[in-house]
Amino acid sequence: LKVQAPSRAVQPRRTKPEAYQAFLQGNYFLHQNIRGIAKSMEWFRRAVELDPNQAAAYAGLAEALVFAGIYDFRPPAGAYIEARGMAQKALELDESNAEAHNALADVKKSLDWDFPGADREYRTALQLSPSHLITRLWYADSLSRRERHEEALAESAYAVKLDPVSALSHNNRAMLFWRARRYDEAIEEAATSLE
């Protein structure tokens, strides 16, 4: 898949330090798995309030909303609909934002059941940011749900290489092994995640 270069060059722009700090806090909590999702949404919302032109904050909020839908912190349909809006806003501000493409991919997969569209968005996100951990994990999940287990496990292995101490990566890998009926490996990964 080739991604078209953005039609307009994205110019570096200044952001308010308070907004950037709020974005960093949101990102920190986003990677804390279940325990951090509510806090990450609060911080990303604060970042958007402080600087409504910060694409990364909208994209982070979109990913946090997807997690809120996955973990039933909010009714999934509402969470995914709001996530779509936040991802689209991020892409209006910066069409090369990988996190926004990732969130949009998961909305297409989970709400729209549009797997080809989701695959395109995941691949776009990975082309824009090959080391984006959450994209790797969500794309692996999408592949696994369609019983494309070897592809899913390859994505997951790459995620573990990116962040070998991420509980989120090992938890995802455990689930993928379980779906592939490789139960001993699933138990091993789950134990690593807990550790």
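Residues numbered from 1 in each chain as written. Predicted model: local features only at pLDDT ≥ 70, side-chain atom pairs only at ≥ 80, totals over all residues. Heavy atoms only, no water.

1. What to know about the overall build of the chain
Here's step 1: Per the secondary structure count, the chain includes 10 helices and zero strands.
Here's step 2: Taken from the N to the C terminus, the helices and strands of the chain come in the order α-α-α-α-α-α-α-α-α-α.
Here's step 3: For 195 residues, the compact-globule estimate of 2.2 N^0.38 gives 16 Å, and the chain sits close to it at 16 Å.
Here's step 4: For the chain, the spread of C-alpha atoms along the three principal axes comes to 50 × 35 × 30 Å.
Here's step 5: For the chain, with 195 residues in total, the buried portion stands at 49%.
Here's step 6: Counting contacts in the chain only where the partners sit at least 6 residues apart, residues at least 24 apart contribute 57% of the total.
Here's step 7: Accessible surface computed for the chain: about 10,200 Å², of which carbon and sulfur atoms make up 53%. (Helix = DSSP H or I, 4+ residues; strand = E, 2+ residues; numbered from the N terminus. Rg over C-alpha atoms; globule rule 2.2 N^0.38 Å. Buried < 20%, exposed > 50% of the residue type's maximum accessible area, 1.4 Å probe, protein only. Contact = heavy atoms within 4.5 Å. Areas by Shrake-Rupley, 256 points an atom, 1.4 Å probe, with all protein chains shown as cover.)

2. Quick look at the side chain of asparagine 97
Here's step 1: Within the secondary structure layout, asparagine 97 lies in the loop between helix H4 (76-93) and helix H5 (98-112).
Here's step 2: Given a relative accessible area of 6%, asparagine 97 falls into the buried group.
Here's step 3: Residues within four places of asparagine 97 in sequence aside, it is in contact with Ala55, Ala56, Ala59, Leu91 and Leu128.

3. A word on the side chain of glutamate 189
Here's step 1: In this structure, glutamate 189 sits in helix H10 (residues 183-194).
Here's step 2: Judged by relative accessible area, which is 15%, glutamate 189 ranks as buried.
Here's step 3: Those residues in contact with glutamate 189 that lie beyond four places of it in its chain are His170, Arg173, Ala174 and Phe177.

4. A few points about the packing of aromatic side chains
Here's step 1: If you walk through the whole model with that rule in mind, you get eight aromatic pairs.
Here's step 2: Considering the side-chain rings of phenylalanine 67 and tyrosine 71, the 5.8 Å spacing of their centres and the 0° angle between planes classify their relative orientation as stacked.
Here's step 3: A relative accessible area of 24% means that tyrosine 71 is categorised as partly exposed.
Here's step 4: Consider the rings of tryptophan 113 and phenylalanine 115, whose centres lie 5.8 Å apart with planes at 75°: the pair is edge-to-face.
Here's step 5: Taken together, the ring pairs connect Phe67, Tyr71, Phe73 and Trp138 into an aromatic cluster. (Phe/Tyr/Trp six-rings, centres within 6.5 Å; stacked < 30°, edge-to-face > 60°.)

5. A short note on the confidence of the model for the chain
Here's step 1: For the chain, the average pLDDT comes to 92, and 93% of its residues sit at 70 or higher.
Here's step 2: Predicted confidence for residues 1-10 stays below pLDDT 50, and this span has 16 contacts to residues more than four positions away or in other chains. (pLDDT = per-residue confidence, 0-100.)

6. Structural notes on the packing of helix H3 (residues 55-70) against H4
Here's step 1: Here H3 crosses H4 at 165°, and the two axes come no closer than 8 Å. Classified by the angle between their axes, H3 and H4 sit roughly antiparallel to one another. Judged by the twist between their axes, the crossing of H3 over H4 is left-handed. Residues Ala55, Tyr58, Ala59, Leu61, Ala62, Leu65, Val66, Gly69 and Ile70 of H3 pack against Pro76, Ala79, Tyr80, Glu82, Ala83, Met86, Ala87, Lys89, Ala90 and Leu93 of H4. (Axes fitted to C-alpha atoms, helices over the stretch in contact; angles between N-to-C directions. Parallel < 35°, antiparallel > 145°, perpendicular 65-115°, else oblique. Left-handed = near helix turned anticlockwise from the far one by under 90°.)

7. A few points about the nonpolar core
Here's step 1: The biggest cluster of nonpolar side chains holds 49 residues, and the ones touching the most others in it are Leu30, Met41, Val66, Phe67 and Trp138.
Here's step 2: A total of 11 residues in this core trace back to one element, the largest contributor, which is H3.
Here's step 3: Ignoring sequence-local partners within four residues, the contact set of valine 66 consists of Tyr80, Ala83, Ala103, Asp106, Val107 and Trp138. (Core = buried A, V, L, I, M, F, W, Y, C linked by side-chain atoms within 4.5 Å.)

8. Some words on the pattern of salt bridges
Here's step 1: What the rule picks out here adds up to 14 salt bridges.
Here's step 2: Two residues, arginine 74 and glutamate 82, come together in a salt bridge whose shortest N-O distance is 2.8 Å.
Here's step 3: Via salt bridges that share partners, Asp106, Lys109, Asp141, Arg145 and Arg179 belong to a single interconnected network. (Salt bridge = Lys/Arg side-chain N within 4 Å of Asp/Glu carboxyl O.)

9. A short note on the environment of glutamate 150
Here's step 1: In this structure, glutamate 150 sits in helix H8 (residues 149-162).
Here's step 2: Between the alpha carbons of glutamate 150 and leucine 176 there is a distance of 9.5 Å; along the sequence they are 26 residues apart.
Here's step 3: In this structure the side chain of glutamate 150 is engaged in a polar contact, spanning 3.5 Å, whose partner is the side chain of arginine 182. (Polar contact = N/O pair within 3.5 Å; in protein donor to acceptor, adjacent residues only side chain to side chain.)

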